[in-house]
Amino acid sequence: MSKNKDKGVFPVTGMMCAVCAGTVEKTVSEVPGVSDVAVNFASSEVSFSWDASATSPEKVAEAVRAAGYDMIVEDSEAKAVEEKQKSDMRQYKRMRTDLILAWVFTIPLSCICMLHIHFPGDGYVMMMLALAVMAVSGRRFYVNGLRHLFSGRPDMDSLVAVSTLVSFLFSLFNTLFPSYFTSKGIPADLYYEAAAMIVAFVLTGKFMEMRARRNTGTAIKALMGLQPSEALVVDAGGNLTTVSVNDIKPGDRLSVRPGERIPVDGKVVAGISVVDESMLTGEPEGVEKVADDKVTAGTMNGNGTLTVVAEKVGKATELSRIIRCVREAQGSKAPVQRLVDKISRVFVPVVISVAILTFVVWISFGIDKLPMAVLAAVSVLVIACPCALGLATPTAVMVGIGRGASNGILIKEAAALEQLQKVDTLAIDKTGTITEGLPSVVDIFQDGESEPLFFDALSRLERHSTHPLAKAISEWTKANGTTSGAVEIEDFENIPGMGIVGKVGNIRAWIGNESLADRMEAPTSSEMSSMAAEWAREGAGVVFAGIPGKNLVVFKVADTIRQDAAEAVEALKDMGVTTILLTGDRFATAKHVGRLVGIDEVVAEVLPQGKQDEIKSLKKEGRFVAMAGDGINDSQALAEADVSIAMGGGSDIAMEVAQLTIISGKLTYIPKAIRLSAATLKVIKENLFWAFIYNVLGIPLSAGVLYPVCGLMLTPMIASAAMAFSSVCVVANSLRLNKIRIDH
């Protein structure tokens, strides 16, 4: 990718069906310098990459407007979403007005027709009522539909325009020249109510669909709502000034009062409070924040006042990154959607051809069948609208990704959401994934009582050590020792390959390995030696400490296993997923960790390339592999896996490569994500089944296949109502994902 290549997600207004989305996608793709185009009809957004030296979003927007739609380009995510919401509201109100007017004219028209009310000039009255519906409420169908039809890109508007115009013009001819067909023994029937009903029902369906689709975007709206619009800046004199969050700069000091959301990513410099970070982790428990702790934009401050120094602002915050990822993911396409797109592109031309064929077949039975031929052709055009087909996948993907985001599962690609449920093997890193990633003292063994202030002396000694385990020992001894005040270390000695010795106050202490213990003539009991040997076999760090002539304690230092690791592995096993521990650590350590959490297959002592090779090998065996990791050394394996999962809190590179991020780092969220994937794919399949079945059954019925057998035939009115109902059903079914349980 060129260094001038940028990527963005932009709202698009005016799309009414999946074919409209295809038109927008083709239009944007044809702009020089643009690539990776994806249009999401459900979210009414287009995502694409562009070469900044060749084009710009503004030029792309001009091309979109020339095609009959509008693309919103703004400086910030918030402004773009806000403008789209305003545009959607304007469109919503306009459609509501059109819908009301359509039924105001259609109801009396239908009463005249269906109740067979006859009076002088009744045909002209019906004509005027139908014309009012078509010209006032249905004007967009004719403006856009005919333009797209004549440009060779027919869409749903084209189907509505052609079907209603055929009905209206046929009726108008019979109104102006009633004797032309009656003289030939053909009824001069009027279908004004069919034209009006089609417009009214299509508008009703679109209106209901628009209301339902607004709910599929609640995740983005909720995330945007987490960002406060204003903040309190603390100046050098301690005075508070209210400013817009857009005016905050890195280094500014902010005051966050109880119950307020934190406006930036930063560091606490004063105050103590409990912060609700559930928007990041999905966990309801608050996290205590004190000086030097990090805080994140959008999280909710509890009952204390915090002073925060801004470090990341605007688009650089974690919240903005999450919003950006969710928008891009909701705009991306699941693999199954590509098949639907191909079908949608040829669907309308095929339907028009079927309608013409239907007309020809009916008229071949005799000129007296002309009214039936017109009805059948019009019904085929109306019922075959591919709206339900176009909504089937993107609405489910949108709701699924939104559900994941609200539960601490950040899905970056729709493909990951679809494919995660196919995973049968999970390769998982150890350090920072199965374990916490920080060595700590997990066990100690003491021979007798330790002398007062001994642990404090060890803590002070370890602060001068460069050994990898020194920090773990220092933290433990600091927490368990008794402070001796500001006492200097005397006679400090670093013995290479063994450890350190020094005098703290009246205590001369040493800390190091077993060789140092022997050198210090520390009396080691058989029980202690046995315990130390067992810990060493497990791969743990074994640290001896004491006073010359006396051995007091041996520490077991290891990377703490995450509390939910065993539960997650068991849940995956129940789901038929084999878990493999894939690590660069020593085999003894990896085997011990695997045994503790229930993982039987262990691949250890492998470098990053070795991890990638192992993933390749698993895939060659026919396994569908997911990789979960948190470090830079996992990035190659993550890129190689069928589905890649990064653990929150890990390296930026791992999260950049991964298709999915578990923000809290909790392993139990992996099976939760798999359940969400399975539920989403199930809903997609249901949507596609009903959308296809609807068209497979509806088109023949509308064409009159059963008419010779039992006299059954769908009228244009029933066809338009059924078409509207199908789209609403698909959206409603997708919204069920918000209620489906994914915990167990």
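A. Main features of the side chain of Glu462. Here Glu462 shows up in helix H17 (residues 454–462). Relative accessible area serves as the criterion here: at 8%, Glu462 is assigned to the buried category. Among residues more than four places away in sequence, those in contact with Glu462 are Leu469, Ala470, Ile473, Ser474, Ile500 and Ile511.

B. Geometry of the sheet that holds strand S25 (residues 643–647). One open sheet holds the 7 strands; their spatial order is S14-S26-S25-S24-S15-S22-S23, and the pairing between them is mixed. Two strands lie at the open edges of the sheet, namely strand S14 (409–411) and strand S23 (601–603), each paired on one side alone. Here the average twist between neighbouring strands, direction ignored, is 20 degrees. Bridge analysis of S14 against strand S26 (residues 660–662) gives 3 bridges, and the strand direction is antiparallel. Of the residues in S26, the one forming a bridge with Ile411 is Leu660.

C. Molecular detail of the nonpolar core. Formed by 131 residues in total, the largest nonpolar core has its most connected members in Phe48, Ile645 and Ile670. Residues within four places of Ile670 in sequence aside, it is in contact with Leu426, Leu572, Ala628, Ile645, Met647 and Ile662. Grouped together as the second largest cluster of nonpolar side chains are 22 residues, Phe455, Leu469, Ile507 and Phe555 included.

D. Up close: the packing of helix H4 (residues 122–137) against helix H6 (residues 156–176). Contact geometry of H4 with H6 gives a least axis separation of 10 Å together with a crossing angle of 155 degrees. Accordingly, the angle class assigned to the pair H4 and H6 is roughly antiparallel. As H4 runs across H6, the sense of the crossing is left-handed. Together, Gly123, Tyr124, Met127, Ala130, Leu131 and Met134 of H4 and Thr164, Leu165, Phe168, Leu172, Thr175 and Leu176 of H6 make up the contact between the two elements. Among the residues forming the contact of H4 with H6, the class breakdown is 9 nonpolar, 3 polar and no charged.

About the thresholds
- Residues numbered from 1 in each chain as written.
- Predicted model: local features only at pLDDT ≥ 70, side-chain atom pairs only at ≥ 80, totals over all residues.
- Heavy atoms only, no water.
- Helix = DSSP H or I, 4+ residues; strand = E, 2+ residues; numbered from the N terminus.
- Buried < 20%, exposed > 50% of the residue type's maximum accessible area, 1.4 Å probe, protein only.
- Contact = heavy atoms within 4.5 Å.
- Pairing = 2+ DSSP bridges.
- Axes fitted to C-alpha atoms, helices over the stretch in contact; angles between N-to-C directions.
- Core = buried A, V, L, I, M, F, W, Y, C linked by side-chain atoms within 4.5 Å.
- Parallel < 35°, antiparallel > 145°, perpendicular 65-115°, else oblique.
- Left-handed = near helix turned anticlockwise from the far one by under 90°.
- Nonpolar A, V, L, I, M, F, W, Y, C, P; charged D, E, K, R; others polar.

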